[in-house]
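Coordinate analysis (summary)
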Amino acid sequence: MSEVKISAETRSEFGKGAARRIRRDSKVPGVLYGHGSDPLHLTLPGHDLLLALRTPNVLISLDIDGKTNELAIPKSVQRDPIKGFLEHVDLLLVKRGEKVTVEIPVHTEGELAAGGNLLEHVLNALPVEAEATHIPEAVTVSVEGLEAGASILAKDIKLPNGTTLAVDGDAVVLQVLAAQAEESAEGEEAAGEEVAEA
């Protein structure tokens, strides 16, 4: 996993007005915390941060005020619900060699068995523990030929070296559901029409 270098500035202004001014300058307010240290309030460049956050669990090398360098991973990202721009970010301070618990996306490959079956992602992301500087970007699971009723458990997923599950191994991650017969859907519509007439 590569590190993304971002320059950050400490900030002393707080509140909605200060946050609006920061965002008007195409920057994002954030907080860096962890390891028992006091939270450090930062201003980060919006575009650089947006690009970095395209990678899940990205490792960010922060150059703070040109004086100190810290490693961090995003813990919480707040976006504007309508426009989608970054409103605030919480960053967790990490050290090289330290283990952290994160959620990594689960990707699938292959085709299900014929018959119109549906694949349900019970867990969209898999909780794992990994070294902060070696967090996998995602895991890929083959669903080739799986039939209705089949499921893939957390313990069935092959994880990269140095990565361990942070969830019960028997937790269902993916399951294959049988396609519902069209007859039952038509029957429900007919029953609905009868109720409407009554």
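Let me begin by describing the structure that accompanies this report. (Residues numbered from 1 in each chain as written. Predicted model: local features only at pLDDT ≥ 70, side-chain atom pairs only at ≥ 80, totals over all residues. Heavy atoms only, no water.)

In this sheet, strand 9 (residues 125-131) lies alongside strand 7 (residues 99-109) in antiparallel orientation, the contact comprising seven bridges. If you follow Thr101 over to strand 9, its bridge partner there is Glu129. Taken together, the four bridges between strand 7 and strand 10 (residues 139-142) define a ladder with parallel strand orientation. Residue pairing across strands places Val106 opposite Val139, the latter belonging to strand 10. (Pairing = 2+ DSSP bridges. Helix = DSSP H or I, 4+ residues; strand = E, 2+ residues; numbered from the N terminus.)

The subject of this paragraph is the sheet that holds strand 12 (residues 164-165). Within a sheet, neighbouring strands are paired by backbone hydrogen bonds and run either parallel or antiparallel to one another. A sheet is described by the order of its strands in space; here four strands give the open sequence 10-7-9-12, paired in mixed fashion. Taken across any chain shown, the strands that pair with only one partner, and hence form the sheet edges, are strand 10 and strand 12.

Let us look at the pattern of salt bridges. Counted by the stated rule, this structure contains two salt bridges. A salt bridge links Glu9 to Lys27, with the shortest nitrogen-to-oxygen separation between them at 3.6 Å. With Glu9 in strand 1 (residues 3-10) and Lys27 in strand 2 (residues 27-34), this pair connects stretches of sequence that are 18 residues apart. Judged by relative accessible area, which is 29%, Lys27 ranks as partly exposed. Between Asp170 and Lys155 there is a salt bridge, with the nearest N and O atoms lying 2.7 Å from each other. You can see Asp170 sitting in the loop between strand 12 and strand 13 (172-177) and its partner Lys155 sitting in the loop between strand 11 (151-153) and strand 12, a full 15 residues away along the chain. (Salt bridge = Lys/Arg side-chain N within 4 Å of Asp/Glu carboxyl O. Buried < 20%, exposed > 50% of the residue type's maximum accessible area, 1.4 Å probe, protein only.)

Taken residue by residue, helix 1 (residues 16-24) has Ala18, Ala19 and Ile22 as its buried positions. Along the axis of helix 1, the buried residues cluster in a sector spanning 100°; they form a single face. Exposed residues on helix 1 whose side chains face more than 90 degrees from its buried face are Lys16 and Arg24. Where the residues of helix 1 are buried, they touch strand 2 and strand 3 (37-45). Looking at the residues trailing helix 1, positive phi occurs at Ser26, about 60°. (Arc of directions from axis to C-beta. Contact = heavy atoms within 4.5 Å.)

A sheet is described by the order of its strands in space; here three strands give the open sequence 8-13-11, paired in antiparallel fashion. Only two strands of the sheet have a single neighbouring strand rather than two, namely strand 8 (118-121) and strand 11. Neighbour-to-neighbour, the strand axes of this sheet turn through a mean angle of 15°, independent of strand direction. Pairing analysis gives three bridges linking strand 11 to strand 13, with the strands arranged antiparallel. Within strand 13, the position partnered with Leu153 by the bridge is Val172. (Axes fitted to C-alpha atoms, helices over the stretch in contact; angles between N-to-C directions.)

Turning our eyes to something else, we now look at the side chain of Ser61. Topologically, Ser61 is positioned in strand 4 (residues 59-64). Here Ser61 is in contact with Glu3, Val4, Lys5, Ile6, Glu70 and Leu71, once residues within four sequence places are set aside.

This part covers the nonpolar core. In terms of nonpolar packing, the biggest core is built from 23 residues, with Ile73, Leu126 and Ile157 touching the most fellow members. Those elements that place two or more of their residues in this core are strand 5 (68-79), strand 6 (86-94), strand 7, strand 9, strand 10 and strand 13. Of the residues forming this core, the biggest block, four residues, is contributed by strand 7. Aside from chain neighbours lying at most four places away, what touches Leu126 is Val102, Glu103, Ile104, Val106, Val139, Ala154, Ile157, Leu159, Leu165, Val167 and Val173. (Core = buried A, V, L, I, M, F, W, Y, C linked by side-chain atoms within 4.5 Å.)

The next thing to look at is the environment of Ser142. Inspection of the secondary structure assignment puts Ser142 in strand 10. A relative accessible area of 42% means that Ser142 is categorised as partly exposed. Residues Ser142 and Ile157, spaced 15 residues apart in sequence, show a C-alpha to C-alpha distance of 9.4 Å. Setting aside residues no more than four positions away along its own chain, Ser142 makes contact with Glu109 and Ile152. Within the structure, the side chain of Ser142 is placed 3.4 Å from the backbone nitrogen of Glu144, a separation counted as a polar contact. (Polar contact = N/O pair within 3.5 Å; in protein donor to acceptor, adjacent residues only side chain to side chain.)

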